[in-house]
Amino acid sequence: MSRLEIQKTYKIFIGGQFPRTESGRYYPLKNKKNEVIANMCLSSRKDFRNAVVAARSAFGGWSEKSAFNRSQILYRIAEMLEGRKEQFIAELLLQGISAAAAKEEVTLSIDRLVYYAGWCDKYQALFSSVNPVASSHFNFSVPEPTGVVAIISSEESSLLGLVTSIAPVIAGGNTCVVLASESKPLCAITFSEVLNTSDLSAGVVNILTGNSAELHSHFSSHMDVNSLLYYRKNKNEIKTIKENAALNVKRVHIYDKIILNSEKAQSPYFIFDNQEIKTTWHPVENIGSSKGGY
Amino acid sequence: MAAKSILPDFRITPTIDQVGIEERVARFTTRSIKKESKMQGLKMILNMIDLTTLEGKDTEGKVKQMCYKAVHMHDVIPDLPTVAAVCVYPSMVKTAKESLIGSGVKVASVSTAFPSGQSTHEIKILDTKFALENGADEIDMVISRGEFLKGNYNFVFDEIAAIKDVCGKARLKVIFETGELSTLDNVRKASDIAMYAGADFIKTSTGKISPAATMPVTLVMLEAIRDYYYATNRMVGMKPAGGISTSKLAMQYLVMLRETLGGAWLSNEWFRFGASSLANDVLMQIAKQTTGVYQSSDYFSKD
């Protein structure tokens, strides 16, 4: 007797759970032969809203974790991804990518996670400073995470684009809501399973599948989103995003020229893009050899 | 009161079909309320809130601040209603009363050794009198759950009746702490006892114990109110308290209220939400409806 294959249902990832879209809408994902390979959730603005709520409530816990612990968790994500390499390669092939390119994409993604795992407890030293001031104060500036980051990740890449956009954001102690590639969404949801088994607290990363034309205005207008990263090239969307972001002066970073598989796609400065600088004036009695001023 | 002369036998109050209650509750959560009716519902919820602070760390400053919020919910949006009342400990009643002069917002005070109710009869009476002398418009008393669970229903009945006598014109809300009553049958029984003893409101919880208000418990109490109304023609109010922190959930409670007791109960004279964080969520939803943009708690005052 022949066996019926059990097909995987690709859902979305919100607050550590895998719900279907509340809208009940789906879009068929087809391969090169025009056969349907999966029905993907067409996420709505309410899914986005729920994801932001999850991300906001996860922010406190994640940002207060020690940098070293965040580093361990990012490394753990890389370990989990390594263990499921074959599955990701198979999914990439299914989405029409060549075998060599698929292998490269997965290994690069793993390496990129390890890269940012390393940076978790080091970027603070790089971006902090002790500032010379003219009064009796010890004055220093340190980076702190911005908050909830909305990400519209690369359309062309299924896995590497996602990892490249998420890793620096969470390495810096932020939480995020990510819109995955619409045409290559499979790896995003499988990557959610990896995240979910890596000791990453629920809600730190939330992943939606769907349409950027429909969602970008909600991503950019939501008052509880502190920063928005855009990895695509659509000029109209960029314009709307910049206008809407003014509502609550979100940070906006447009990475439309990034080349994902190049060395330049990874840098501590991508962490820094979602950090705020806090400067502290601490009264002291003496500065250097001078006498106390108060 | 005529009702007292026809006391039912509380040993034979109706038993509750838990599965039936849960299925009925599940129906209430499926109603779709949009646009104008949603806006109206949100404002009604706001107007039904008893803005509450019942913490050991409460100070006059905190109470004053909350009273200001009770009247100025979110001044950016014009024509917002005030909340129904503020709910505080007896020691804070005076401060609250002074802060709310002329606002129409009532002052409710918890009493009878809230939240445990573990004290003597005299102290509970004094506690209530103290709150009333300081100007409380409403008294939220707790029942003696220990006595109730022992089956000492007369004790519970007499205690409620005694506090009601002290209250005079002030409205009396009776808190069951349903989280400690174990079964829906007990909730129903406590509801009947309290209403026949003279309660003007019955209230689920103190907010100090989990689970606090749930929809099944509230439905059981609403049905008790309905049956009591049929038997005596007296309306009794309902106050779910604790655990209702989102507008969506509050809206489902309104649906349940409307479909169980009818339109006559749809005002803050007969229905209240005991909550502190619900108010901000409702305000954020109202702001979302008026601006079209999802809101952040960063832009709403903490109470």
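The structure displayed is predicted, hence computed values, not measured ones. (Residues numbered from 1 in each chain as written. Chains lettered and ligands numbered in written order. Predicted model: local features only at pLDDT ≥ 70, side-chain atom pairs only at ≥ 80, totals over all residues. Heavy atoms only, no water.)

Looking at the packing of helix α2 (residues 67–83) of chain A against helix α4 (residues 99–119) of chain A
All names here are of chain A.
Okay, so step 1: The N-to-C vectors of α2 and α4 enclose an angle of 165°; their axes lie 8 Å apart at closest approach. Classified by the angle their axes make, α2 and α4 are roughly antiparallel. The handedness of the crossing between α2 and α4 is left-handed. Across the interface between the two elements, Ser-71, Leu-74, Tyr-75, Ile-77, Ala-78, Leu-81 and Glu-82 from α2 touch Ser-109, Ile-110, Leu-113, Val-114, Tyr-116 and Ala-117 from α4.
Okay, so step 2: Class assignment for the residues of the contact of α2 with α4 results in 10 nonpolar, two polar and one charged. (Axes fitted to C-alpha atoms, helices over the stretch in contact; angles between N-to-C directions. Helix = DSSP H or I, 4+ residues; strand = E, 2+ residues; numbered from the N terminus. Parallel < 35°, antiparallel > 145°, perpendicular 65-115°, else oblique. Left-handed = near helix turned anticlockwise from the far one by under 90°. Contact = heavy atoms within 4.5 Å. Nonpolar A, V, L, I, M, F, W, Y, C, P; charged D, E, K, R; others polar.)

As for the sheet that holds strand β7 (residues 237–239) of chain B
All names here are of chain B.
Okay, so step 1: If you trace the eight strands from one edge of the open sheet to the other, you get β7-β6-β5-β4-β3-β2-β1-β8, paired in parallel fashion. Across the chains shown, the open sheet's two edge strands, defined by having one partner strand only, are β7 and β8 (273–275). Strand after strand, the sheet turns through a mean of 25° between neighbouring axes, direction not considered.
Okay, so step 2: Bridge count for strand β1 (residues 49–52) against β8 is three bridges, and the pairing is parallel. Opposite Asp-50, over in β8, you have Gly-274 as the bridge partner. (Pairing = 2+ DSSP bridges.)

Topic: the packing of aromatic side chains
Okay, so step 1: In this structure the tally under the stated criterion is 17 aromatic pairs over all chains.
Okay, so step 2: Ring geometry for A:Tyr115 and A:Tyr116: centres 5.1 Å apart, planes at 90°, overall edge-to-face.
Okay, so step 3: Overall, the relative accessible area of 24% leaves A:Tyr115 in the partly exposed class.
Okay, so step 4: By relative accessible area, A:Tyr116 is classed as buried at 0%.
Okay, so step 5: Their ring planes at 25° and their centres at 4.2 Å tell us that A:Phe127 and A:Phe272 sit as a pair that is stacked. Pair noted here: A:Phe127 is in helix α5 (residues 123–127) and A:Phe272 is in helix α10 (residues 268–272), with a separation of 145 residues, a long-range link.
Okay, so step 6: For A:Phe127, a relative accessible area of 12% corresponds to the buried category.
Okay, so step 7: Among the residues examined, A:Phe272 registers a relative accessible area of 29% and is labelled partly exposed.
Okay, so step 8: These aromatic residues form a ring-pair network of at least three members: B:Phe10, B:Phe157, B:Tyr196 and B:Tyr228.
Okay, so step 9: Of note, A:Arg56 hangs over the ring of A:Phe59, and the distance from its end group to the ring centre comes to 5.9 Å. (Phe/Tyr/Trp six-rings, centres within 6.5 Å; stacked < 30°, edge-to-face > 60°. Buried < 20%, exposed > 50% of the residue type's maximum accessible area, 1.4 Å probe, protein only. Lys NZ or Arg CZ within 6 Å of the ring centre and 35° of its normal.)

As for the side chain of B:Arg171
Residues and elements named next belong to chain B.
Okay, so step 1: By the element assignment, Arg-171 lies in strand β5 (residues 171–175).
Okay, so step 2: There is no salt bridge for the buried Arg-171, and the closest opposite charge comes from Glu-269, which lies 4.8 Å off by N-O distance.
Okay, so step 3: With residues up to four places along the chain from it excluded, the contact list for Arg-171 reads Asp-137, Glu-138, Ile-139, Asp-200, Phe-201, Glu-269 and Trp-270. (Lys, Arg positive; Asp, Glu negative; His and termini not counted. Salt bridge = Lys/Arg side-chain N within 4 Å of Asp/Glu carboxyl O.)

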